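Residues per chain are reported as follows:
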There are 2 protein chains.
Amino acid sequence: MRAVVPFASDRPKTRLEPVLEEAERAALARTMLGDVLDSLSTLDDERRGSADLDPVVLATAPVDCEVPVTVDDRSLTAAVNDHLPATDGDEPVAVVMADLALATPDALARLFEPDADVVVAPGRGGGTNALVVRDHRFRVDYHGASFRDHRAVADAVGADLGVVDSFRLGTDVDEPADLVEVVLHGRGETPAWLREAGFSLSTTDGRVEVVRNPG
Amino acid sequence: MRAVVPFASDRPKTRLEPVLEEAERAALARTMLGDVLDSLSTLDDERRGSADLDPVVLATAPVDCEVPVTVDDRSLTAAVNDHLPATDGDEPVAVVMADLALATPDALARLFEPDADVVVAPGRGGGTNALVVRDHRFRVDYHGASFRDHRAVADAVGADLGVVDSFRLGTDVDEPADLVEVVLHGRGETPAWLREAGFSLSTTDGRVEVVRNPG
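Residues numbered from 1 in each chain as written. Chains lettered and ligands numbered in written order. Predicted model: local features only at pLDDT ≥ 70, side-chain atom pairs only at ≥ 80, totals over all residues. Heavy atoms only, no water.

**Q** Whenever I open this one, the relation of the copies chain A and chain B confuses me. Can you help?
**A** The operation relating the two chain copies consists of a rotation about an axis and a shift along that axis. Of the two same-sequence chains, chain A is brought onto chain B (RMSD 0.0 Å, axial shift 0.0 Å) by a rotation of 180°. One copy is carried onto the other by what is essentially a two-fold rotation axis. When you check the interface residues of chain A against chain B, 100% turn up at the interface there too, and the contact is symmetric in its surfaces. (Least-squares fit on C-alpha atoms with pLDDT ≥ 70 in both. Contact = heavy atoms within 4.5 Å.)

**Q** When you look at the interface of chain A and chain B in this model, what are you seeing that I'm missing?
**A** Interface size is commonly expressed as the accessible surface area that is lost when the partners come together. Facing the 31 residues of chain A at the interface are 31 residues of chain B. Carbon and sulfur atoms make up 53% of the surface buried where chain A meets chain B, a total of about 2600 Å² over both sides. When the buried area of chain A at its contact with chain B is split by residue, R124, D165 and F167 of chain A rank highest and sum to 27% of it. Applying the counting criterion to the chain A and chain B interface returns four salt bridges. With a shortest N-O distance of 2.9 Å, R124 of chain B and D178 of chain A are connected by a salt bridge. In this assembly, chain A and chain B are joined by twelve residue pairs in polar contact (both at pLDDT 80 or more). Taken together, the elements giving at least two residues each to the side of chain A that touches chain B come down to α4 (146-157), α5 (167-170) and α6 (178-185) of chain A. Here the side of chain A that touches chain B gets five residues from one element, more than from any other, and that element is α6 of chain A. Here the residues of the side of chain A that touches chain B sort into ten nonpolar, ten polar and eleven charged. (Buried area = accessible area lost by both parts, 1.4 Å probe. Salt bridge = Lys/Arg side-chain N within 4 Å of Asp/Glu carboxyl O. Polar contact = N/O pair within 3.5 Å; in protein donor to acceptor, adjacent residues only side chain to side chain. Helix = DSSP H or I, 4+ residues; strand = E, 2+ residues; numbered from the N terminus. Nonpolar A, V, L, I, M, F, W, Y, C, P; charged D, E, K, R; others polar.)

**Q** So what exactly am I meant to see when it comes to the sheet that holds strand β4 (residues 93-96) of chain B here?
**A** As a general point, the strands of a sheet are linked pairwise by backbone hydrogen bonds and lie either parallel or antiparallel. Residue and element names in this part refer to chain B. The seven strands lie next to each other as β3-β2-β1-β4-β6-β5-β7, forming an open sheet whose pairing is mixed. Edge positions in the sheet fall to β3 (69-71) and β7 (161-163), since each has one partner strand and no second. In this sheet, adjacent strand axes meet at a mean angle of 20° when their direction is disregarded. By the bridge criterion, six bridges tie strand β1 (residues 2-7) to strand β2 (residues 54-59) in an arrangement that is parallel. Following the sheet pairing, F7 is matched in β2 by A59. (Pairing = 2+ DSSP bridges. Axes fitted to C-alpha atoms, helices over the stretch in contact; angles between N-to-C directions.)

**Q** So what exactly am I meant to see when it comes to the packing of α6 of chain A against helix α7 (residues 189-196) of chain A here?
**A** A pair of packed helices is captured by two measures, namely the crossing angle of their axes and the spacing between those axes. Residue and element names in this part refer to chain A. For the pair α6 and α7, the least separation of the axes is 8 Å and the interaxial angle reads 110°. In terms of axis orientation, α6 runs roughly perpendicular to α7. At the point where α6 passes α7, the crossing takes the left-handed sense. Facing L179, V182 and V183 of α6, the residues of α7 in contact are T190, P191 and L194. (Parallel < 35°, antiparallel > 145°, perpendicular 65-115°, else oblique. Left-handed = near helix turned anticlockwise from the far one by under 90°.)

**Q** Just to check I follow, could you spell out empty space enclosed by the protein for this structure?
**A** In this approach, a probe sized like a water molecule rolls over the atoms, and the result shows the empty space that is left. Within this structure, the stated rule accounts for one cavity of 30 Å³ or more. Roughly 80 Å³ of volume is contained in the largest cavity. Looking at the largest cavity, the residues that line it are R124, F167, G170, T171 and E181 of chain A together with R124, F167, G170 and T171 of chain B. Residue assignment for the lining of the largest cavity shows that the elements contributing at least two residues are α5 of chain A together with α5 (167-170) of chain B. Of the residues belonging to the lining of the largest cavity, the class tally is two nonpolar, four polar and three charged. (1 Å grid on protein atoms, 1.4 Å probe; cavity = no way out; pocket = protein on both sides within 12 Å on 5 of 7 lines; lining within 4 Å. Points joined across faces, edges and corners; volume = space filled by probe spheres on them.)

**Q** Please explain the pairing of strand β8 (residues 199-202) of chain A as it appears in this structure.
**A** On a regular strand, each side chain points to the face opposite its neighbour's, so the side chains alternate between the two faces of the sheet. Residues and elements named next belong to chain A. Two strands pair when backbone bridges link them, and β8 and strand β9 (residues 209-212) are joined in this way by four bridges, in the antiparallel orientation. What sits directly across from L201, in β9, is V210. The hairpin formed by β8 and β9 contains six residues between the paired strands, and D205 there has a positive phi angle of roughly 60°.

**Q** In this structure, what is going on with the layout of surface pockets? I would like to understand it.
**A** Its volume calculated, the second largest pocket comes out at about 590 Å³. As for the second largest pocket, its lining consists of 27 residues, of which T104, D106, A107, R168 and R187 of chain B are closest to the centre. Elements that contribute at least two residues to the lining of the second largest pocket include exactly α4 of chain A together with α1 (22-46), α3 (105-109), α5 and α6 (178-185) of chain B.

**Q** Explanation requested: the sheet that holds strand β6 (residues 128-133) of chain A in the structure shown.
**A** Residues and elements named next belong to chain A. Taken together, the seven strands give an open sheet; going across it, the order is β3-β2-β1-β4-β6-β5-β7, and neighbouring strands pair in mixed fashion. Of all strands in the sheet, those bounded by a partner on one side alone are β3 (69-71) and β7 (161-163). Neighbour-to-neighbour, the strand axes of the sheet open up by a mean angle of 20°, direction not taken into account.

**Q** I keep staring at the pattern of salt bridges and nothing clicks. Help me out?
**A** Pairs can form between side chains of opposite charge once their charged atoms are near each other. Applying the stated criterion to the full structure yields 22 salt bridges over all chains. Salt-bridge contacts for E66 of chain B lead to R30 of chain B; the nearest nitrogen and oxygen are separated by 3.3 Å. With E66 of chain B in the loop between β2 and β3 and R30 of chain B in helix α1, the pair connects residues that are 36 residues apart, well separated along the chain. The exposed category is assigned to E66 of chain B, whose relative accessible area is 52%. What makes R30 of chain B partly exposed here is its relative accessible area of 24%. Salt bridges sharing partners connect three or more residues here, namely K13, R15, D99, D174 and E175 of chain A. (Buried < 20%, exposed > 50% of the residue type's maximum accessible area, 1.4 Å probe, protein only.)

Structure below.
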């Protein structure tokens, strides 16, 4: 099965602007991509008997990477739809966002458990963080509340939908508050990168947030 | 197994003040509590063979309720610790927060799957949204980044820790942004209550939020 990992190489993670410079945001995004690819390849090893996974990065601009990269500067929706199964006999395709810094092999494995035509891992705020598409009639639309739209599209084409209930897959890293989750629950290089950059947890007044050491 | 559901009957859900009046916040909190109790009792029916669940509400002030209520106006930490197993022979205890408006019987059932001394469902922002405690040496501390503290406490007393990776159990309803999740993924009375109160999704400019109809 092909696993498509969309990655915004140009101007990544703009909503982290309050806490990270542009070059740092690019480095963080690249580190998260590495963690997602590592988890996908570990999963591949563990599950080789049942489903080979061939990760391919679908990037908006060239990126240096250990797996094949396809550059496509169109919208996320158009680019991903070009990679989904086009006819009845095509192989299923997984789509996993590059900013799922909490994704572990165990969490990703759950995507392949439901025996459904389309499997979705919803993200916070109505998003779709990961998908498995086995039905060639299904198409994505990432604009707006995409989870709701993908449920409607599956329904419209007569595909049954499986939903994966995962905190790890539901957490994409967009805003400073999301960094709390990475520091607390991340397992790959990303939490180490954040610590190196001076981030740590602060729990003054009972609220948990990350703060950045100016030194 | 006893299932303790802590509930703040006085001044509930203050962080929803920007979108709800005080009486409305109390009604919403009570509706969410009802949904959590319903899911726990459905789970009880489905799993009666393996583990009976006896829900008890642990409230800061009296509340009219279909299950037994214990009033305890001390801190959440002190009140919950009084209900945990005290000696080696005591029954395990589950602790499930009353504001888990996305909790379904299936999601709650996952709390009982890991064969661990302590099982935690982490909440967003470092919290602990649900627990199963089988080791009488374990005690809670809900202040600050409680997930990290509970991991440390389990480690300190030599209890092994299971972690449940659930978006539904990881979503507690504290802030206006959390209402998006209820409208999109809720299954009980709470999404209906919100719709009745005039809330709906808005996806202008690509961001998903709830808006309230002033009529």
